[in-house]
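# Observations on chain architecture
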Amino acid sequence: MTTTRRDLFKFAGGAAVGALLSPAPWRLITDTALWSENWPGIPRPARGEISAKFTNCTLCPAGCAVKARCVGAQPVSLAGVAGHPMSRGALCPFGIAGHHLPYHPERLRSGPVQRVAEEVARAMAARQTSEYVAVFDPRPGRTASWTYRRALHAIPGGLYIRPAAPWSGAAVNLDAARIVVSFGMPLLDGWGTPGNVVAAREHFRLIQVEAVESRTAAMADLWLPVRPGQERALAAALAGGTAEGTGIAQELVRQVAGELATNGPALVLGPADWPEIAELNRQCGAAGRTIVARRETPVPEAWQPGAAETGWSAVEDGSLRVLLIDEGAGGGDYVPWSTIERKLAPGAAVVAFTGTPEGYARHANYALPVAVYPEAVDDIPAAVDSPVAVFRLSASLVAPPEGLVSATDFVSHLAGIDAAAALRERADAICAAGRGRVFQTASGAVTALKEMKPDDFWKALSEGGCWLDEPDPKAPPPELSTGAAGFTASFAIAETRGAGLVSPLLSKLHEESHLRLGKHEVALHPSSGFRDGDRAALETGCGRILVVVRRDSSVPPGVVQAAAGADLIDLCGAAESARVVRL
Amino acid sequence: MTSKKETIRPARYGMTIDVDRCNGCGACMVACAVENNVPPAHAGANDRKGLTWIRVYKVDNGQDYPGKRSAFVPVLCQQCGSETPCAHVCPQQAVDVDPATGVVGQMPERCLGCRYCMAACPYHARYFNWWDPAWPKGMEKTLNPDVAPRMRGVVEKCNFCYGRWHEARQRAAAMGKPDTEPVDYVPACVEACPTGAIRFGDLNDAKSEVARGAKEPRSFRLLESLGTEPKIYYQSQRDWVREIASAPRPGAEKGNVNG
């Protein structure tokens, strides 16, 4: 048999077709997939010894206890600490991804520290006698706050400014409440300490008064969809007035008022500067039962007296020559810039100590970068729902990068005081007071403080432990005073988004699903005529920002729901009306 | 004297999700992404192209304001126990059902990215990697060493945190426990849920909380009429929530699969 060239071609062709029908090419594709899994573009997780570290979250005033799973020294996941007396094992989505913040692409990493120091010194020297050197502390009650007060006491014309707190010295005892009426408070969505609220929720009936069906309204036993802007009128109706114009039937209002009077202990939550809220709480006897007096965490004798606490309303217009804003501690109250701006003297030096370019850094002359959670070591004052004083530290889990500054070091240097060991000094003062108990996070043990030595107490705190004060049986019921009541905006209701930096993984809630409104997104009722995803402008008397519209029939006609961020508060915080304009 | 042959007691891991307790905070979604090295959204990602192994949907009773009432329903792979649609259609056998745990797993190394499984899944609980996984600079240090990131072009989904199951198995072995017994572990979403709405356990263990919860009258499963026997049981006292889960085809009798 002769083999011709044609036979060779036939053989090669047949072999090629046969190979196609065999598993070989599919195997090749699979192997290609295997190779592609390991190409350099895909990061490889680090390896190392697995360990657990403990700390407390500083992203909001709740200060939930955190257990960090670490590979080597690097935290790779965060979880709550079961058995913790306040946070009870819970963490919110912002806290769960808190270990990503040091790597946030928008984080501030450098700033002109030397130039700022010179500029502030020059401004202080040029200060008139009627002008002040002020520190604005959006999150008062910390040891850092005491450092500012000590420093400002030593600086001529020093002024310590904090957000308004009409119920200062009082706290909410949710465990004692059997009925809670909430006026727009996000009780089940980030208010207070989430784990504590959830645990207490088993025992009280919740009535939510809110124009929008928020998460709390959706979970409430009764939702009163009040007409936007009529919240205070409804509170007055519950206190004995008429419900006309509120959108809620008089009979239903009478029924809720009856529940408040008879099914107590009752608690009414709402903006603390509304006199109607204080009146309702007075009527239902909340003071001393569900709203209790809370002692301050002890401070060393040597720190007294510090500069007095001042609210923005008490600061004269045009009187601030130097303003230093400590925005580094997350979760503080963001005061609209328009409120602050009119207090500044012409040519005032404004410095924001911050980790994000989003907040006051947009308005300040200078922004200096500070450590962020979980790099920074700081203490966390008691949350609104903690009936007793607490002391806990956010222990550093990650070393901060070079080039950062500390706001407390900067301010204490200006005053020439030494506050480097302030946290330890305060811990020693607590130890000297000798009351209360200590929850030790790693073991879950609770020890009476009087049985601990100062070094052991400090060690427990450094490992995420928490000191809890004893209730003061002799404390008189707190006085429910009110501040100057502001207006009730009839247009915008904010949803919790988290202030400052949030982990890039929060995109799961914003961009990759529409579970929460993202930055610059607003929700409107479908009857508004907008389509989902339409681009528009949100305008108020303070300016405008570009937004994306989401249709949501939970939002009543005529109302805009938006996510609370610094720029939105600047836009809407001092405005009474707004409109969404199609672009 | 008879010799006792030791046999593996297969587990059937499942969940109960109490819709009436879920406040839609999204902690489960974030914890899942942290645990399983799911990257943040690519610049082009949206709610259809994102990667959310567990996703909380807001559902409502169909009425307009102020009669509207909403609920939050976390939806993840329902871990179908019978006629698993994704496993049936996969041409690469990249989907398998572990007989020891009942977990429906996805093997990205085998996946071709044909997305038949996504088309077949009645729960929209499978996600395609449209882009290479990428984290902001430095954030790759926070990746979980127990889970490999997936490449572009493959499908991924919830596997009940299988990495945690392996870890629990290793821990049990180190303690000298026989590998014939199911191990105790919980997926990240269960651990993270601040309201305790999500419970996890072995449905084969009659004493477990989930096995008892699954039998409660208020329990239901999504699209039960399809006969896929999901191992995720939802719970709600509200009738309209339970009705949403059955979603009968238009014009079909209730319970009629063929419609």
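Think of each chain on its own: its residues are numbered from 1, step by step along the sequence as written. Here the convention is simple: chains get letters from A, ligands get numbers from 1, in the order in which they are written. It should be noted that, the model being predicted, local features are given only for residues of pLDDT at least 70 and side-chain atom pairs only at 80 or more, the latter also being counted only at that level, while totals for whole chains, interfaces and linings use all residues.

A few words on the interface of chain A and chain B. Reports often express the size of an interface as the amount of accessible area lost when the parts come together. Note on contacts: residues are paired as contacts if their backbone-placed C-beta atoms lie within 7 Å. Across the boundary between the two partners, chain A contributes 55 residues, which contact 52 residues of chain B. A run of DSSP states H or I qualifies as a helix once it reaches four residues; a run of E qualifies as a strand once it reaches two. Both are numbered from the N-terminal end. Put simply, the parts of the chain that give the side of chain A that touches chain B at least two residues each are helix H2 (24–37), strand E3 (74–80), helix H3 (93–96), helix H6 (194–201) and helix H7 (215–219) of chain A. Counting residues per element, the side of chain A that touches chain B draws most heavily on H2 of chain A, at six residues. When grouped by side-chain class, the residues that make up the side of chain A that touches chain B number 31 nonpolar, 15 polar and nine charged. Each residue is assigned to one class: nonpolar for Ala, Val, Leu, Ile, Met, Phe, Trp, Tyr, Cys and Pro, charged for Asp, Glu, Lys and Arg, and polar for all the others, Gly among them.

Turning next to the sheet that holds strand E8 (residues 198–202) of chain B. All names here are of chain B. By this definition, two strands are paired if DSSP reports at least two bridges between them. The strand order E8-E1-E10-E9 describes an open sheet built from four strands, whose pairing is mixed. Sheet topology places E8 and strand E9 (219–220) at the edges, where each strand pairs with a single neighbour. Here strand E1 (residues 13–18) runs beside E8; their pairing, made up of five bridges, is antiparallel. Along E8, the bridge assignment pairs Tyr 13 with Asp 202.

All names here are of chain A. Spatially, four strands are ordered E9-E8-E7-E10 in an open sheet, and the strand pairing comes out parallel. Both edges of this open sheet fall to strand E9 (222–224) and strand E10 (266–269), since each of them pairs with a single strand only. Across the sheet, the mean angle separating the axes of adjacent strands is 15° when strand polarity is ignored. Here strand E7 (residues 179–183) runs beside strand E8 (residues 205–209); their pairing, made up of five bridges, is parallel. In the sheet register, Val 180 faces E8, and the bridge partner there is Leu 206. To get an axis, fit a line to the C-alpha atoms, keeping to the stretch in contact for a helix; angles then go from 0 to 180 degrees between the N-to-C directions.

Residue and element names in this part refer to chain A. Whether a crossover is right-handed comes down to one check: with the strands pointing away from the viewer, does the path from the first strand over the helix to the second run clockwise; if it does, it is right-handed. Regarding the hand of the β-α-β motif, the stretch spanning E7, H6 and E8 is right-handed. Note: E8 against E9, three bridges, orientation parallel. Across the sheet, residue Gln 208 finds its bridge partner in E9, namely Trp 223.

With that out of the way, let us pick up the confidence of the model for chain B. pLDDT measures how confident the predictor is about each residue, on a scale from 0 to 100. On average, residues of chain B score 89 in pLDDT, and 92% of them reach the 70 mark or higher. The model gives residues 252–259 of chain B a pLDDT under 50, and that stretch makes eight contacts with residues more than four places away or in other chains.

Right, let's get into the environment of Gly 169 of chain A. All names here are of chain A. Here Gly 169 shows up in the loop between strand E5 (158–161) and strand E6 (170–172). The burial label depends on the number of other C-beta atoms within 10 Å of a residue's C-beta. Counts of 20 or more mean buried, 12 or fewer mean exposed, and intermediate counts mean partly exposed, with C-beta atoms placed from the backbone. For Gly 169, a count of 13 C-beta atoms within 10 Å translates into the label partly exposed. Here the alpha-carbon distance between Gly 169 and Thr 3, two residues 166 residues apart in the chain, equals 103 Å.

Below, the discussion takes up unusual backbone geometry. That bond from Gln 304 of chain A to Pro 305 of chain A is cis: its omega, -10°, falls within 30 degrees of zero. For Pro 305 of chain A, the location among the structural elements is in the loop between strand E11 (291–293) and strand E12 (309–310). Across the junction of Tyr 65 of chain B and Pro 66 of chain B, the peptide omega takes the value 5°, indicating a cis bond. By the secondary structure assignment, Pro 66 of chain B is in the loop between strand E2 (55–60) and strand E3 (70–75). Within the chain, Glu 83 of chain B stands out as a residue other than glycine whose phi angle is a positive 50°. Along the chain, Glu 83 of chain B turns up in the loop between E3 and helix H2 (85–89). Using a count of 11 C-beta atoms within 10 Å as the deciding quantity, one classes Glu 83 of chain B as exposed.

With that out of the way, let us pick up the packing of helix H8 (residues 231–238) of chain A against helix H10 (residues 275–283) of chain A. All names here are of chain A. Relative orientation of the contacting elements H8 and H10 amounts to 20°, with a least axis distance of 9 Å. Comparing their axes, H10 and H8 come out roughly parallel. In this structure, H8 meets H10 at a crossing whose hand is left-handed. On H10, the residues that touch Arg 232, Ala 235, Ala 236 and Leu 238 of H8 are Glu 276, Ile 277 and Leu 280. When its residues are assigned to classes, the contact of H8 with H10 shows five nonpolar, no polar and two charged. Throughout this description, any angle smaller than 35 degrees is read as roughly parallel, any larger than 145 degrees as roughly antiparallel, any in the 65 to 115 degree range as roughly perpendicular, and the remainder as oblique. Crossings are assigned a handedness: left-handed for a near helix turned anticlockwise from the far helix by less than a right angle, right-handed for a clockwise turn.

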